[in-house]
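Structural characterization, general
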Amino acid sequence: NESWGQYQEDVTHTRNGVELIRRLDSTRLINPASGWENFELGDIIDCHNYTKPALHENKFNHRASVCGETGGYSLVVNGHTWDGGTTVYNKVETPEELTCRLEEINNIALSYSTAGMCGLVYTQIVDVESELNGLYTYDRKVFKLNDEQAARYKAGIQRVLHHAVHLAEPTAVQSEGNIWKYMAGGEDFTPGEGWNRKDFDDSRWPQG
């Protein structure tokens, strides 16, 4: 039928786009559909969900799973909006209510960090012309949270980041005497140009 034909056409266009980008630059991670149809293509599976984070089912588990848009809470600051900017997504009345909603997003993200979530994007940092859902006003003159509220929001983000980190190599506690090379020399020490290449000479680095 017509809808099946459209689906097949969308798959073909998406695959062609992914393959073209691969040919142009094979080092890039490709997000083939930002928040829309999942065709099991590219490197990222991206779910958009308002007002709380969500993930697509990542049944083959070979792509990074992200929530590419969430949030969208609108705290209007009169006198600091674009002329005509009246689109309110999910209205909150006070900075404290906005902070509570942001903390809720952080808590949901924390739970998803152990379920395969690789990234989350809050919409959005600044109010734009017709959308009043930023943390800053359109003119960049007002940050909508006070210092205590901002600290609570930041602390929640740090908890998510802490729990989302997985070790790529075993630590000394998990192994029996691995020898590691490391950098030393204080804050001004630089490892040397090309330190992240396989052929880098790390003979001057201490080991332990």
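Below, the structure is looked at part by part. (Residues numbered from 1 in each chain as written. Predicted model: local features only at pLDDT ≥ 70, side-chain atom pairs only at ≥ 80, totals over all residues. Heavy atoms only, no water.)

Let's shift gears to the pairing of strand β2 (residues 64-71). Burial analysis of β2 places six of its eight residues in the buried class, the great majority of the element. For strand β1 (residues 44-48) and β2, the ladder comprises five bridges, and the chain directions are parallel. Bridge pairing in β2 places Asp 46 opposite Val 66. Bridge count between β2 and strand β5 (residues 117-123): five bridges; the pairing is parallel. The residue bridging Val 66 from the neighbouring strand is Gly 119, located in β5. (Buried < 20%, exposed > 50% of the residue type's maximum accessible area, 1.4 Å probe, protein only. Helix = DSSP H or I, 4+ residues; strand = E, 2+ residues; numbered from the N terminus. Pairing = 2+ DSSP bridges.)

Another point: helix α2 (residues 95-112). A rise of 1.5 Å per residue sets the reference length of α2, with its 18 residues, at 26 Å; its end C-alpha atoms lie 26 Å apart and thus fit the reference within 8%. When we look at burial in α2, the residues that qualify are Leu 98, Thr 99, Leu 102, Ile 105, Asn 106 and Ala 109. When α2 is viewed along its axis, its buried side chains cluster within an angular range of 120 degrees and face the same direction. (Expected span 1.5 Å × (residues − 1). Arc of directions from axis to C-beta.)

For the rest of this paragraph, the subject is the pattern of salt bridges. Across all of its chains, the model carries ten salt bridges by this definition. Here Arg 152 ties to Glu 148 by a salt bridge, and the two come within 3.4 Å at their closest N and O atoms. Of this pair, Arg 152 and Glu 148 both sit in helix α3 (residues 147-164), separated by four residues, roughly a single helical turn. When its relative accessible area of 45% is taken as the criterion, Glu 148 is described as partly exposed. Connected via shared salt-bridge partners are Glu 96, Glu 103, Glu 148 and Arg 152. (Salt bridge = Lys/Arg side-chain N within 4 Å of Asp/Glu carboxyl O.)

With that settled, consider the sheet that holds β2. Across the sheet, three strands lie side by side as β1-β2-β5; this open sheet has parallel pairing. Only two strands of the sheet have a single neighbouring strand rather than two, namely β1 and β5. Averaged over all pairs of adjacent strands, the angle between strand axes in this sheet comes to 20 degrees, irrespective of strand direction. The strands that α2 touches are β2 and β5; relative to β5, the one it contacts most, it runs at about 165 degrees. (Axes fitted to C-alpha atoms, helices over the stretch in contact; angles between N-to-C directions. Contact = heavy atoms within 4.5 Å.)

Tracing the sequence through the fold places Thr 70 in strand β2. The class of Thr 70 is buried, set by a relative accessible area of 0%. Residues contacting Thr 70, with those up to four places away along its chain left out, are Asn 49, Tyr 50, Thr 51, Lys 52, Pro 53, Ile 105, Leu 120, Val 121, Tyr 122 and Thr 123.

Right, let's talk about unusual backbone geometry for a bit. With an omega of 10 degrees, the peptide bond running from Tyr 50 to Thr 51 counts as cis. Inspection of the secondary structure assignment puts Thr 51 in the loop between β1 and β2. Here Thr 123 and Gln 124 are connected by a cis peptide whose omega angle stands at 5 degrees. Of note, Gln 124 is situated in the loop between β5 and α3. Although it is not a glycine, Arg 140 adopts a positive phi angle of roughly 65 degrees. Position of Arg 140 among the secondary structure elements: in the loop between β5 and α3. Look at Arg 140 and you get exposed, because its relative accessible area is 54%.

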